[in-house]
Every structure is written in structure tokens, then in C-alpha cells.
Amino acid sequence: MEQLLETAKKIKSMEIRGAGKIARAAAAALRDYAERLTTNDINEFNEKMEHAAEVLVNTRPTAVSLPNAVRAVMRYGGGTVDEAKISIKKLADGFIASSENAIKRIGEIGARRVRDGDTIMTHCNSAAANSIMAEAHAQGKDINVIATESRPRLQGHITIKQLDKLGIKSTLIVDSAVRYLMKDVDIVIMGADAVTVNGSLINKIGTSQVALAAHEARTNVIIAAETYKFSPMSILGELVEIEERDSSEVISREKLDEFSNVSVRNPSFDVTPREYIDLICTEVGAIPPEMAYIIIKDFLGWRIEELNSNGLRFKGNQKH
Ligand code: RUB
């Protein structure tokens, strides 16, 4: 359990961050945990796996990729512990490979929307969004990326570093400069922590402001989102929980202690309505946000009946 708890801790502290990375780390942690379990009792094995799944899922509430990845692995089968371990390894490795492949594919599909000479605005740090910029650049398109710094955790610094390494020109701005600079932007490309059935996007705090400014300026907004970022539970009307993080990310405790009447809110994500999104680029194609249900039903394989019958409990060893 120690290694699995270590991964959970890294996800919570954001040492492992970004919805896709979190999902792959969770799948790998479950696979390695299963491998290390020494019991031969399949019931005990299943119980331990279910507990491990819960621990991982409770680390960060907003990234739907996390429960989706855990669920993909927890669909394992097998009558014995050895069979279950083989099944888990196959599912976890399959998830990791297809998720890496999805990012590459999104790059290829999304790059078609980027023209030579485009100025692209992005927010936070998204592997899927960066993949589109990387592919457009690799195709020889001359692009310039405006990257927000993304307070309070400054993921924008990771973005400019990654783009710089690829030889892509970028301009770093403070988050509040988004609307002022939108007039220079040809297209906005951002990632996703979750996409709901009605096509709303949940992503890093500030995403909805970028999208609103783009909407006002008639600038297209493209969201790069693997299919496992789509939220099956939103079919039942469940809202995606917005993570609120510690105030010390915004202001130091000592500074805050100087005041008597000040409190801090630090929501990590916000919700962008589908009206502000032109296209969602997934690995199975670019869709308008209105088509989100098709992804959940046809590509993630969830139907309302299944969700209603406890489909989202992390029950290990299911027959299917
Ligand atoms: C990261 C964030 C990213 C999405 C998508 O937030 O909002 O835009 O997770 O990233 P945090 P990716 O830094 O709090 O995890 O495309 O890499 O999955």
C-alpha cells in the first residue's frame, strides 16, 4: 500500500498534475499494487483493490479522467488472484497506451484547425492542447503562442518551457491581460479536466474568462480532450465537484494572519458553458460540444441503465 499511497500523495500535492497524467499514474499505481498483493484469497484481493481504487479517486475531485481510469482497470475479471492480476495488468497497460496515443491523435486532428501565421492563446498547462501546437509547428506552420501564467500555481511557466523546447515562440502574460490581448489572437486552444454530457467544460480556473473574452471577440475556442475526460455521471445530472485548494497557494499564512477580516477562496477549476466552445478535439474526431453524449455512450460505453444500477461503484472483478 505504501507505493500506492505515495502516488496518491503526489497527485494531491500536484507533483503529478494535469488530468491525463493523473489518470495514467492512477492506472499504473493500481496495476503495481495488484502485482505486489501476496494474498491467494480472491475475495480479500478484490476488497483490497476496491479500497485502493477509492484512495486514488479521492485525491483530486475534479479530473474525471481519474475515476474513468480507475474504472477502466477495476473492470478486471478472473477466478483466481493470478488471473485477476493478469487481467489488471492488461487493462492498465491498455489504458496507458491508448491514453498516450489519444494525445498524439488529438494533435493531428487539432492541427488541421491551425493556420500558418496563427497566434494561439492557451491557459494553464495541458498535454493535449500542447500536442496540437506541437503538431502544427512540426507541420511547418509558423505559430506564436500567448500563454497565461495561470495563478496561483503558475502552470503557464511549464507551458512556455515545453513550447520553448520544441522551438515554438511564446509570449507569457498575466491572467488579467487576456481580454486586452484577445484582439491579437486567431484561435484559443485549451485542455479539459472534465466535459459534461451537455458539452460544458471544466478546466483550470480562469478558463471560462478566456472563453468569454474569445466569444466576445468572435475568436474560435478549441478544447483538446481525450474521450476519458468526459463525465458519465453528468448523464444523471450530477455536477462535477470543483476542487478548492489551500489559501496558502494564494497568500502566505503569515501575511493572512496580519488581517482580522480577510478570508481566501481558491477554487482550482471553473465551468465554461458550451456556448463559448466551438469544437472539442478528441482522439475519435473533432465534435461540437453538443455531441458530448455520443462520446460517453458510444466511446466510453456508458448507458443510463448501467449508471443507474450502481455502475460507478469501484467494484473489482466484474464479469462482462
Ligand atoms: C491542469 C488543467 C489542464 C487539464 C488538461 O490543472 O487544468 O488544463 O488538466 O491537462 P492542474 P492534460 O494543474 O490543477 O492539474 O491535457 O495534460 O490532461
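Cut-offs and rules
Residues numbered from 1 in each chain as written. Predicted model: local features only at pLDDT ≥ 70, side-chain atom pairs only at ≥ 80, totals over all residues. Heavy atoms only, no water. Helix = DSSP H or I, 4+ residues; strand = E, 2+ residues; numbered from the N terminus. Rg over C-alpha atoms; globule rule 2.2 N^0.38 Å. Buried < 20%, exposed > 50% of the residue type's maximum accessible area, 1.4 Å probe, protein only. Areas by Shrake-Rupley, 256 points an atom, 1.4 Å probe, with all protein chains shown as cover. Lys, Arg positive; Asp, Glu negative; His and termini not counted. Charge placed at Lys NZ, Arg CZ, Asp CG, Glu CD. Arc of directions from axis to C-beta. Contact = heavy atoms within 4.5 Å. Phe/Tyr/Trp six-rings, centres within 6.5 Å; stacked < 30°, edge-to-face > 60°. Lys NZ or Arg CZ within 6 Å of the ring centre and 35° of its normal. Domains from an automatic or database assignment. Buried area = accessible area lost by both parts, 1.4 Å probe. Salt bridge = Lys/Arg side-chain N within 4 Å of Asp/Glu carboxyl O. Polar contact = N/O pair within 3.5 Å; in protein donor to acceptor, adjacent residues only side chain to side chain. Nonpolar A, V, L, I, M, F, W, Y, C, P; charged D, E, K, R; others polar. Pairing = 2+ DSSP bridges. Axes fitted to C-alpha atoms, helices over the stretch in contact; angles between N-to-C directions. Parallel < 35°, antiparallel > 145°, perpendicular 65-115°, else oblique. Left-handed = near helix turned anticlockwise from the far one by under 90°.

**Thoughts on the overall build of the chain**
- Looking only at helices and strands, one finds 12 helices and 10 strands in the chain.
- By the compact-globule yardstick of 20 Å for 320 residues, the chain fits well, its C-alpha radius of gyration being 20 Å.
- The buried share among the 320 residues of the chain stands at 53%.
- Approximately 15200 Å² of the chain is accessible, and the part contributed by carbon and sulfur atoms is 50%.
- When the 41 basic and 44 acidic side-chain charges of the chain are each reduced to a single mean position, those positions are 2 Å apart.

**Examining helix H11 (residues 292–299)**
- Within the span of H11, buried status applies to Ala 292, Ile 295 and Ile 296. For H11, the angular spread of the buried residues around the axis is 95°, confining them to a single face.
- In the core, the buried residues of H11 are packed alongside strand S5 (194–195), strand S9 (279–282) and strand S10 (285–287).
- Immediately downstream of H11, the backbone of Gly 301 shows phi near 75°, a positive value.

**A short note on the packing of aromatic side chains**
- With the rule as written, the count across this model stands at 2 aromatic pairs.
- Between Phe 45 and Tyr 76 the ring centres are 6.1 Å apart and the planes differ by 85°, which places this aromatic pair in the edge-to-face class. Taken together, the residues Phe 45 in helix H3 (residues 42–57) and Tyr 76 in the loop between helix H4 (65–74) and helix H5 (81–111) connect sequence positions 31 residues apart.
- Using a relative accessible area of 0% as the deciding quantity, one classes Phe 45 as buried.
- Residue class for Tyr 76 comes out buried when judged on its relative accessible area of 0%.
- Over the face of the ring belonging to Tyr 180 we find Lys 183, whose NZ or CZ atom lies 3.9 Å from the ring centre.
- Above the plane of the ring of Phe 269 lies Lys 204, whose end atom (NZ or CZ) is 4.3 Å from the centre.

**Comments concerning the domain arrangement of the chain**
- The domain boundaries assigned to the chain delineate domain 1 (2–103 + 303–310) and domain 2 (105–299).
- Each of domain 1 and domain 2 was reduced to a C-alpha centroid, and the two centroids are 26 Å apart.
- Every contact between the two is made by 24 residues of domain 1 and, on the other side, 34 residues of domain 2.
- Taking both partners together, domain 1 and domain 2 bury about 2300 Å²; carbon and sulfur atoms supply 60% of that area.
- Three residues stand out in domain 1 for area buried against domain 2, namely Thr 62, Ile 103 and Leu 307, and they jointly supply 27% of the buried area on that side.
- Where domain 1 packs against domain 2, one counts 1 salt bridge.
- We note a salt bridge from Arg 60 to Glu 243, for which the minimum N-O separation is 2.9 Å.
- On the surface where domain 1 and domain 2 come into contact, there are 17 residue pairs in polar contact (both at pLDDT 80 or more).
- Contributing elements (two or more residues each) for the side of domain 1 that touches domain 2: helix H2 (19–36), H4, H5 and helix H12 (304–308).
- Counting residues per element, the side of domain 1 that touches domain 2 draws most heavily on H5, at 5 residues.
- Of the residues that constitute the side of domain 1 that touches domain 2, the class distribution is 11 nonpolar, 8 polar and 5 charged.

**Description of the sheet that holds strand S2 (residues 144–148)**
- What the 7 strands build is an open sheet, ordered S3-S2-S1-S4-S7-S9-S10; its pairing is mixed. Of all the strands in the sheet, just strand S3 (169–173) and S10 have a single pairing partner and so form its edges. On average, each strand axis in the sheet is inclined to that of its neighbour by 25°, with strand direction left out of account.
- With 3 bridges joining them, strand S7 (residues 220–224) and S9 adopt parallel strand pairing. What sits directly across from Ile 222, in S9, is Leu 279.
- Its contacts with the sheet put H5 on S7, S9 and S10, and the angle it makes with S9 is roughly 140°.
- The strands that helix H7 (residues 155–166) touches are strand S1 (119–122), S2 and S3; relative to S3, the one it contacts most, it runs at about 165°.

**Observations concerning the packing of H2 against H5**
- Running from amino to carboxyl end, H2 crosses H5 at an angle of 165°, the nearest separation of the two axes being 9 Å. Between H2 and H5, the crossing angle belongs to the class labelled roughly antiparallel. You can see that H2 and H5 cross each other, and the crossing is left-handed. Seen from H2, the contacting residues are Ala 23, Arg 24, Ala 27, Ala 28, Leu 30, Arg 31, Ala 34 and Glu 35; seen from H5, they are Lys 85, Ile 88, Lys 89, Ala 92, Asp 93, Phe 95, Ile 96, Ser 99, Glu 100 and Ile 103.
- For the contact of H2 with H5, the class distribution of residues is 10 nonpolar, 1 polar and 7 charged.

**A short note on the sheet that holds S5**
- Spatially, the 3 strands line up as an open sheet ordered S5-S6-S8, and their pairing is antiparallel. For this open sheet the edge positions go to S5 and strand S8 (269–272), each flanked by a neighbour on one side alone.
- For S5 and strand S6 (residues 201–204), the ladder comprises 2 bridges, and the chain directions are antiparallel. Within S6, the position partnered with Val 195 by the bridge is Leu 201.
- Docked against the sheet, helix H9 (residues 207–216) engages S6 and S8, running at close to 30° with respect to S8.

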